[in-house]
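So the chains spell out like this:
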Amino acid sequence: MPNIQKNISLKHLNTFHVEAYAQYFVSVRTNEELSSVLKDSTLKKLPKFILGGGSNVLFTKDFKGLIIKISNQGIKLVKETHEHVWLLAAAGENWTTFVHDCIQHQYAGVENLFLIPGSLGAAIVQNAGAYGMETADTVQCVETINRYTGDIKRFLAEECQFSYRSSRFKTKKNPFIITHAVFKLSKKPCFRLDYEPLRQSIPKSDLTLQKIADTIVSIRQSKLPDYRKYPNAGSFFKNPVISVDQFAQLAQSYQHIPHWSYNSGVKIAAAWLIEQCGFKGKRFGNVGVYHKHALVLVNYGHANGKEIKALADHIVQKVIEKFNILLVSEVMIL
Ligand SMILES: Cc1cc2nc3c(=O)[nH]c(=O)nc-3n(C[C@H](O)[C@H](O)[C@H](O)COP(=O)(O)OP(=O)(O)OC[C@H]3O[C@@H](n4cnc5c(N)ncnc54)[C@H](O)[C@@H]3O)c2cc1C
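Residues numbered from 1 in each chain as written. Predicted model: local features only at pLDDT ≥ 70, side-chain atom pairs only at ≥ 80, totals over all residues. Heavy atoms only, no water.

Asker: Go over the environment of Phe-323 with me, naming the residues and quoting the values.
Answerer: Along the polypeptide, Phe-323 turns up in helix 9 (residues 305–323). For Phe-323, a relative accessible area of 4% translates into the label buried. Between the C-alpha atoms of Phe-323 and Leu-273, which are 50 residues apart in sequence, the distance is 7.9 Å. Excluding its chain neighbours within four sequence positions, the residues that come into contact with Phe-323 are Gln-246, Leu-250, Tyr-254, Trp-272, Leu-273, Gln-276 and Cys-277. (Helix = DSSP H or I, 4+ residues; strand = E, 2+ residues; numbered from the N terminus. Buried < 20%, exposed > 50% of the residue type's maximum accessible area, 1.4 Å probe, protein only. Contact = heavy atoms within 4.5 Å.)

The following block contains the structure:
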């Protein structure tokens, strides 16, 4: 049984760097350790929260229960053909380290997702995405342990219900803890350049996975605050999807509204909505909206989770009043 710690500060385990205490905390490095924690008769009764890198959570209060940090490690080549490799990776791996390893080996398929903070497991939960690519594009299957029964279950990609920044593992009642996943990557050069600034930054003759990663680094660094300096959780809200009719009405008043077709509706840039409400670059005491990106809420001082949540609620209210559009948070609020 791994060491169960009591009354642990979560301040350095979340990228908002807000103070909150976990009643119990455990870091698990193997399936066996996770199983022993789940089977323990005393721990069984406690509410549980699974934590990766804490870059997509906001703690607004202490957690009365057990926080289980997934810390297993390992990346293994499990199959190889002329064109592809299949890598089995542990959920506790750092996502950026995994992407970096893929780039070093010239395996294509995740390079646009370089520098997304957090763990590999949560990148799947969240279907993390950036610059025209999503985690779901390369996931082949996901291995899980059921937090109630301890059963091991494998999901093929098509069973994971991946959608925009979501999957079956993100729902409130999800019982499955991701322990490993298999990714299928291409050994042949193939690049995803749907995102225009990326396409424009690299001449076609000069395209390599490393060049893409380097360009992604400079795009991200020019737009997003470093959470070690300005604690944040990336995009706080999802881009809302509205109906074609609602969009047509909106476009009569706002011709330049950034939008994309999405399934049978229209996806609107949440950053634009927030900016139109005058929040970009505004500070409210310890918290604020980043001056280069209106989707990013920043802890500028020693804000607590409630202050950040209050700013998020204020933004949601103003966007509803102005546009009649409900912003939904991408960040898990606890
Ligand atoms: C500066 C910055 C930039 C960012 N940029 C992006 C971006 O470009 N694209 C993007 O998509 N996101 C982005 N994010 C958000 C965040 O990095 C991603 O959502 C990331 O995948 C979260 O990983 P994590 O390990 O930190 O998750 P955590 O915050 O620890 O957890 C997130 C959720 O996943 C659950 N979870 C974690 N691990 C497991 C597991 N093994 N099994 C089951 N459930 C689990 C948790 O319970 C929680 O509900 C950014 C964040 C920051 C701070």
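Asker: Explain the site of the ligand to me, using residue names and the numbers behind them.
Answerer: Taken together, the neighbourhood of the ligand is formed by 33 residues, with Ile-50, Gly-52, Gly-53, Ser-55 and Ser-119 sitting nearest. Measuring from an oxygen atom of the ligand, one finds a backbone N or O atom of Gly-52 at 2.7 Å. The separation between an oxygen atom of the ligand and a polar main-chain atom of Gly-54 is 2.9 Å. Its free accessible area being 990 Å², the ligand has 94% of it covered by the protein chains. Residue assignment for the shell around the ligand shows that the elements contributing at least two residues are strand 3 (48–51), helix 4 (120–125), strand 8 (129–130), strand 12 (176–186) and strand 13 (232–235). Across the shell around the ligand, the residue classes tally to 19 nonpolar, 12 polar and two charged. (Near = heavy atom within 4 Å. Polar contact = N/O pair within 3.5 Å; in protein donor to acceptor, adjacent residues only side chain to side chain. Areas by Shrake-Rupley, 256 points an atom, 1.4 Å probe, with all protein chains shown as cover. Nonpolar A, V, L, I, M, F, W, Y, C, P; charged D, E, K, R; others polar.)

Asker: Which residues make up the side chain of Asn-127, and what are the values?
Answerer: On the secondary structure map, Asn-127 appears in the loop between helix 4 and strand 8. Not counting chain neighbours up to four residues away, the residues in contact with Asn-127 comprise Glu-134, Thr-135, Ala-136, Phe-162, Ser-163, Arg-165 and Ser-166.

Asker: Describe the sheet that holds strand 6 (residues 75–80), naming the residues involved and giving the relevant values.
Answerer: Strands sit in the order 6-7-12-10-11 across an open sheet of five strands; the sheet is antiparallel. Only two strands of the sheet have a single neighbouring strand rather than two, namely strand 6 and strand 11 (152–156). The average undirected angle you get between the axes of adjacent strands in this sheet is 20°. Relative to strand 7 (residues 84–90), strand 6 is paired through five bridges, and the arrangement is antiparallel. (Pairing = 2+ DSSP bridges. Axes fitted to C-alpha atoms, helices over the stretch in contact; angles between N-to-C directions.)

Asker: Summarise the layout of surface pockets; cite the residues concerned and give the values.
Answerer: Any empty space left between atoms is shown by rolling a water-sized probe over those atoms. The calculated volume of the second largest pocket comes to roughly 150 Å³. Along the walls of the second largest pocket sit Ala-108, Gly-109, Glu-111, Met-133, Asp-137, Thr-138, Lys-184, Ser-186, Cys-190, Phe-191 and Arg-192, which together make up its complete lining. Here the lining of the second largest pocket is built from residues that sort into four nonpolar, three polar and four charged. (1 Å grid on protein atoms, 1.4 Å probe; cavity = no way out; pocket = protein on both sides within 12 Å on 5 of 7 lines; lining within 4 Å. Points joined across faces, edges and corners; volume = space filled by probe spheres on them.)

Asker: Before we move on, could you go through the nonpolar core and cite the residues and values that matter?
Answerer: Core analysis: the biggest nonpolar cluster contains 54 residues, and Ile-68, Trp-95, Phe-98, Ile-124 and Phe-183 have the highest contact counts within it. Those residues within four positions of Trp-95 in sequence are excluded, and the remaining contacts are Val-110, Leu-113, Ile-116, Gly-118, Ser-119, Leu-120, Ala-123, Thr-135 and Phe-183. Ile-8, Leu-51, Ile-242 and Val-316 belong to the second largest nonpolar core, which has 46 residues in total. (Core = buried A, V, L, I, M, F, W, Y, C linked by side-chain atoms within 4.5 Å.)

Asker: Which residues make up the state of the cysteines, and what are the values?
Answerer: For the structure on display, the rule yields zero disulfides. Looking at Cys-160, it has no disulfide partner, and the nearest cysteine sulfur is the one in Cys-141, 8.3 Å off. Note on Cys-160: relative accessible area 0%, which makes it buried. Looking at Cys-190, it has no disulfide partner, and the nearest cysteine sulfur is the one in Cys-102, 12 Å off. (Disulfide = S-S within 2.5 Å.)

Asker: Lay out the pairing of strand 16 (residues 265–268) with the relevant residues and their values.
Answerer: Relative to strand 16, strand 14 (residues 241–242) runs antiparallel, the two sharing two bridges. Bridging across to strand 16, Val-241 finds its partner in Lys-267. Here strand 15 (residues 259–262) runs beside strand 16; their pairing, made up of four bridges, is antiparallel. Across the sheet, the residue bridging to Tyr-262 is Gly-265, located in strand 16. Following strand 15, the chain reverses through two residues before pairing antiparallel with strand 16; Asn-263 in that reversal takes a positive phi of roughly 45°.

Asker: Before we move on, could you go through the pattern of salt bridges and cite the residues and values that matter?
Answerer: Counted according to the given criterion, the structure contains 12 salt bridges. Lys-187 serves as the salt-bridge partner of Glu-80, at 2.8 Å between the closest nitrogen and oxygen. In this pair, Glu-80 sits in strand 6 while Lys-187 sits in the loop between strand 12 and helix 5 (196–201), placing the two residues 107 residues apart along the sequence. Owing to a relative accessible area of 44%, Glu-80 belongs among the partly exposed residues under this scheme. Exposure remark for Lys-187: the relative accessible area of 29% places this residue in the partly exposed category. Lys-211 is the partner of Asp-206 in a salt bridge, and the nearest nitrogen-oxygen pair spans 3.2 Å. (Salt bridge = Lys/Arg side-chain N within 4 Å of Asp/Glu carboxyl O.)

Asker: Tell me about the packing of aromatic side chains, residues and numbers included.
Answerer: According to the stated counting rule, one finds 17 aromatic pairs in the structure shown. Relative to Phe-98, the ring of Trp-95 has its centre 5.5 Å away and its plane inclined at 40°; by these criteria the two rings are tilted. Linking Trp-95 with Phe-98, this pair stays in helix 3 (residues 95–104), spanning three residues, or about one helical turn. The exposure class assigned to Trp-95 is buried, which follows from its relative accessible area of 1%. Relative accessible area serves as the criterion here: at 0%, Phe-98 is assigned to the buried category. Each ring, one from Tyr-230 and one from Tyr-300, has its centre 6.0 Å from the other, and the planes form 70°; the classification is edge-to-face. On the criterion of sequence distance, the pair formed by Tyr-230 in the loop between helix 6 (209–223) and strand 13 and Tyr-300 in the loop between strand 19 (296–299) and helix 9 is long-range, its members being 70 residues apart. A relative accessible area of 33% places Tyr-230 in the partly exposed class. Look at Tyr-300 and you get partly exposed, because its relative accessible area is 23%. (Phe/Tyr/Trp six-rings, centres within 6.5 Å; stacked < 30°, edge-to-face > 60°.)

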